[in-house]
Amino acid sequence: MNAARETRGSRAGFVWSAFALAAVAVIAIVAVRRGGLLDLPPVSDRVTAETAGLSNLDQLARRAAQLDAAGSGTSDAARVGTSDAAGPGTSDAALIAASTGLKAVRDGEVERGLDSLRHALRLAPSDLVLGNAYRMTVLRLRRAALNDASARATLAGRLPPAIEREPIAFLETLRREHPGREVSLQLALAWVDELMLFPALEIKAPASVESVALLSGILEQEPAYVPALFGRGLNYLHRPARLVWPESKKMAPDAASRDLAQCVAIGRKIGGGSPRLVGTLALTLGDAYAREGHLETARSWWQIAQNTGADAGLSAAARRRFTWDDREVPDRLEQELETRMSDLDHPLSDLAILWQ
Amino acid sequence: MAINAAAAPNAPVRVVIPTFKDPRVMIATALTVWTVLGQTFLYFDRDLSQIAVALVAACALDMLFAFVLFRQILVPISAYITGLSIAILLESYDWRVFAVASVWAITSKYLLRSGDRHFFNPSNFGIVAALVLMRGVATVAPGSQWGGDYRVAFVILALGLLMMRRVKRLDLVLAWLGGYVVMSLVRVALGQGGLIFALGPLTGAEFALFTFSMLPDPKTSPPTPRGRIAWGLAIAVLDGVLRYLEVRYSMFYALFALCAVLPVFRMVAAARGVSEADPWRTFVAVWSRPRA
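Residues numbered from 1 in each chain as written. Chains lettered and ligands numbered in written order. Predicted model: local features only at pLDDT ≥ 70, side-chain atom pairs only at ≥ 80, totals over all residues. Heavy atoms only, no water.

**Q** What should I look at first to understand the environment of V183(A) in this one?
**A** Residues and elements named next belong to chain A. If you trace the backbone, V183 turns up in helix α8 (residues 181–197). Measuring from C-alpha to C-alpha, the distance between V183 and D127 comes to 8.5 Å, with 56 residues separating the pair along the chain. When sequence neighbours within four positions are dropped, the list of residues in contact with V183 reads P125, L171, L174, R175 and H178. (Helix = DSSP H or I, 4+ residues; strand = E, 2+ residues; numbered from the N terminus. Contact = heavy atoms within 4.5 Å.)

Here you go:
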């Protein structure tokens, strides 16, 4: 009798265990199919490093180093012009012209220097390193001029003619002559430079709208182009949360996180980005989720950003975010984004993050 | 609820020293090593004065309560664990948070009791009270205190499980870990993020400290293996529900909520004539003397 009861008991235990295991297995399969590892959007098999704009990052890094060295007149300048350093679609003449321009600007010959940089870009319009160097040079010059004007307490600080309409004017011309994705990207980022320098809403709003329109134009042609996706995601993210932007089309509430998540998904598929780039993308995606109210997901991405161990600044930014209480996240995030936007020593629009 | 086992004023003073077999000694040792490594190699970045404040507040108050209420001079090993847990887990720019949280933790141990035992885990009580009552000032330290190195996390996990085996709380911890994994899968299946987000916290310092220091507290975990498994699963289920609802610090709240209903369980058990075994009482009185 007892033996029969024991047998029944052990059989019931076995059945229950099998049932529990089967249930867990089913849940696990559903979880893997639904969320995957990071709950990122799918990436088409046709996406390559080239279409994503992530090819030749090492070459770009070498080229940027050579440009810096040549511009500052160090001994490394002698290496400018070696053929292995030239990125696709660029020429050594362009690099030499750009480095001459940078040196001239540093020596105070602004107009000559900018002319030389523009000449370099005409020679190699799709060169991201040169385009970025031109934009960053103009940004620094305009910033210095504005600071100078404010120090003199003039009522209206007019910018010097050489940089008053730059870099937008030149990049618009260049885009008409060379309508490639790289030039359009530089022009879109030039609008971001504009809104960083002039954060008043009447400039910031239309500048952001222009930038998003240009980036959307690129993405219609090349939906996997990561720099454009990142730029547009940042634009959406940095729009003030509580303001309506009358000039823009209505933005989807998850527009920022969709673009940034797509960036991360493509980056994971292609690989090759520096830890700093990966960490920055993760932190920014976390910010986008936080803006949308998905705080747990946001904190997970901040955690991933911190785990990359990319640099102390990124780690500190993630740690700051962890201290935010749920209720204060919207305000603190807004402050953090504003601070980031106004950090012109490390401009948001600096493409160097791609290759540094 | 109040203390009903306080010693009579003329009772003899006893010195209470834990033996080496006391599971708390191992937990305290592990926690100390952990803190030293954390401060030197693993990016805990905790201000030493904050650790000191938490420890001194917890230990001094524990000794004071024990002497006044029970006529005991004790080596405050429980308070040491409590204070150190609070010091590592809490994060605040204000040192007073560490003192206040430690005071609340130890006070809960003596003032919130059912029968002759406290029912809240003291460090859990102190942390939850700090999170709720000092909102915006106190938070739990971010999970990747060991610099995000998953290898460190797995070493800690392995050592922690070995330690739980020695202190006879492996069943509880495995039930909690298993329950956590299943609830994570359920959350992902319901559309909440990806597997890395759901399972990632397993590798964090916050999770490890909760699992290996807070959860196995002998006084607030059931005495029988089945009870401990049910206890671990219950915490995991409640934690999973809270996480699904995007409640931050969910595991601390889950343990707090379940500890809060412990007296009811004990009352029901007593009403049914079921006596809880009490095998974890490990204080050893090595010296006692009658009061002069």
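**Q** Looking at this model, I keep getting lost on the pattern of salt bridges. Mind explaining?
**A** A side chain with one charge may pair with a side chain of the opposite charge, provided their charged atoms come close. Residue and element names in this part refer to chain A. Counted under the stated rule, the structure contains 30 salt bridges over all chains. Salt-bridge contacts for R143 lead to D345; the nearest nitrogen and oxygen are separated by 2.9 Å. Of the two residues, R143 is situated in helix α5 (residues 128–151) and D345 in the segment after α15 (329–341); the sequence distance between them amounts to 202 residues. Judged by relative accessible area, which is 55%, D345 ranks as exposed. A salt bridge links D343 to R340, with the shortest nitrogen-to-oxygen separation between them at 4.0 Å. Take R340: its relative accessible area is 32%, and that puts it in the partly exposed class. (Salt bridge = Lys/Arg side-chain N within 4 Å of Asp/Glu carboxyl O. Buried < 20%, exposed > 50% of the residue type's maximum accessible area, 1.4 Å probe, protein only.)

**Q** Any chance you could explain unusual backbone geometry here in plain terms?
**A** Note: most peptide bonds trans; most residues except glycine with negative phi. Across the junction of E166(A) and P167(A), the peptide omega takes the value 0°, indicating a cis bond. Mapped onto the secondary structure, P167(A) falls in the loop between α6 (161–164) and α7 (168–177). In the Ramachandran plot, K168(B) falls in the positive-phi region, its phi being about 60° despite a non-glycine side chain. Topologically, K168(B) is positioned in the loop between α6 (150–166) and α7 (170–189). Judged by its relative accessible area of 60%, K168(B) is exposed. For E246(B), which is not glycine, the phi dihedral falls at a positive 60°. With respect to the element layout, E246(B) can be found in the loop between α10 (225–244) and α11 (250–260).

**Q** Please clarify how the interface of chain A and chain B should be interpreted in this entry.
**A** When the parts come together, some accessible area is lost, and that loss is often what is quoted as the size of the interface. At the interface, 31 residues of chain A touch 27 residues of chain B. Interface area, chain A with chain B, both sides summed: about 2,500 Å², of which 57% is carbon and sulfur. Counting across the chain A and chain B interface gives two salt bridges. Close ionic contact of D325(A) with R135(B) constitutes a salt bridge, the shortest N to O distance being 3.5 Å. Between the two partners, chain A and chain B, sit eight residue pairs in polar contact (both at pLDDT 80 or more). Listing elements by their share of the side of chain A that touches chain B, those giving two or more residues are α1 (2–35), α13 (295–307) and α14 (312–322) of chain A. In terms of residues, the side of chain A that touches chain B owes the most to one element, α13(A), which gives 10 residues. (Buried area = accessible area lost by both parts, 1.4 Å probe. Polar contact = N/O pair within 3.5 Å; in protein donor to acceptor, adjacent residues only side chain to side chain.)

**Q** Where do I start with the packing of α13(A) against α14(A) in this structure?
**A** In helix packing, the relevant descriptors are the interaxial angle and the interaxial distance, both defined with respect to the helix axes. All names here are of chain A. Where α13 meets α14, the closest approach of the two axes is 8 Å, and the angle between their N-to-C directions is 155°. When the axis of α13 is compared with that of α14, the two are roughly antiparallel. As for the relative orientation of α13 and α14, their crossing is left-handed in sense. Of the residues in α14, those in contact with R299, W302, Q303, A305 and Q306 of α13 are L314, S315, A318, R319, R321 and F322. Grouping the amino acids of the contact of α13 with α14 by side-chain chemistry returns five nonpolar, three polar and three charged. (Axes fitted to C-alpha atoms, helices over the stretch in contact; angles between N-to-C directions. Parallel < 35°, antiparallel > 145°, perpendicular 65-115°, else oblique. Left-handed = near helix turned anticlockwise from the far one by under 90°. Nonpolar A, V, L, I, M, F, W, Y, C, P; charged D, E, K, R; others polar.)

**Q** Looking at this model, I keep getting lost on the packing of aromatic side chains. Mind explaining?
**A** The geometry of an aromatic ring pair comes down to the distance between the two centres and the angle between the two planes. All names here are of chain B. Applying the stated criterion across every chain yields a total of 15 aromatic pairs over all chains. For the ring pair F65 and Y110, a centre distance of 4.8 Å and an interplane angle of 20° mean the geometry is stacked. Linking F65 in helix α2 (residues 48–70) with Y110 in helix α4 (residues 95–111), this pair joins segments that are 45 residues apart in sequence. Of the two residues examined, F65 and Y110, each falls in the buried class. Measuring from ring centre to ring centre gives 5.1 Å for F120 and F125, while their planes differ by 55°; the resulting arrangement is tilted. (Phe/Tyr/Trp six-rings, centres within 6.5 Å; stacked < 30°, edge-to-face > 60°.)

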